[in-house]
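Notes for the structure review
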Amino acid sequence: MIPRDPVMLLSYVNTQLRDHYGSLEEFCSAFGIQEEEICGKLQEIDYAYDRESNQFR
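Residues numbered from 1 in each chain as written. Predicted model: local features only at pLDDT ≥ 70, side-chain atom pairs only at ≥ 80, totals over all residues. Heavy atoms only, no water.

**As for helix H1 (residues 6-19)**
- Spanning 14 residues, H1 covers 20 Å between terminal C-alpha atoms, matching the ideal 20 Å at 1.5 Å per step.
- All buried positions along H1 are accounted for by Pro6, Leu9, Leu10, Val13, Asn14, Gln16 and Leu17. One face of H1 carries all of its buried residues, which in axial projection span an arc of 160 degrees. The exposed set on the far side of H1, more than 90 degrees from its buried face, consists of Val7, Met8 and Arg18.
- Residues of H1 that are buried in the fold lie against helix H2 (24-31), helix H3 (35-43), strand E1 (49-50) and strand E2 (55-56). (Helix = DSSP H or I, 4+ residues; strand = E, 2+ residues; numbered from the N terminus. Expected span 1.5 Å × (residues − 1). Buried < 20%, exposed > 50% of the residue type's maximum accessible area, 1.4 Å probe, protein only. Arc of directions from axis to C-beta. Contact = heavy atoms within 4.5 Å.)

Here is the structure:
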């Protein structure tokens, strides 16, 4: 289960992307969640996914 708190979610997702997944699409597929859900939650704290670096910035 992924964290609900946006700050904790940011840390969790970026760590997963760095260590296990080559893209946000792969991560979301593995966890059965929509990219829009993750992006929307992290947009609340002014973070957006950067495909080039494969992390939220």
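So, next bit.
**Description of the packing of aromatic side chains**
- Under the criterion given, the structure shown has 5 aromatic pairs.
- Summarising the aromatic geometry, the rings of tyrosine 49 and phenylalanine 56 are spaced 5.4 Å apart at their centres and angled 50 degrees between planes, so their arrangement reads as tilted.
- For tyrosine 49, a relative accessible area of 17% gives the class buried.
- An aromatic cluster of three or more residues is present, and its members are Tyr12, Tyr21, Phe27 and Phe31. (Phe/Tyr/Trp six-rings, centres within 6.5 Å; stacked < 30°, edge-to-face > 60°.)

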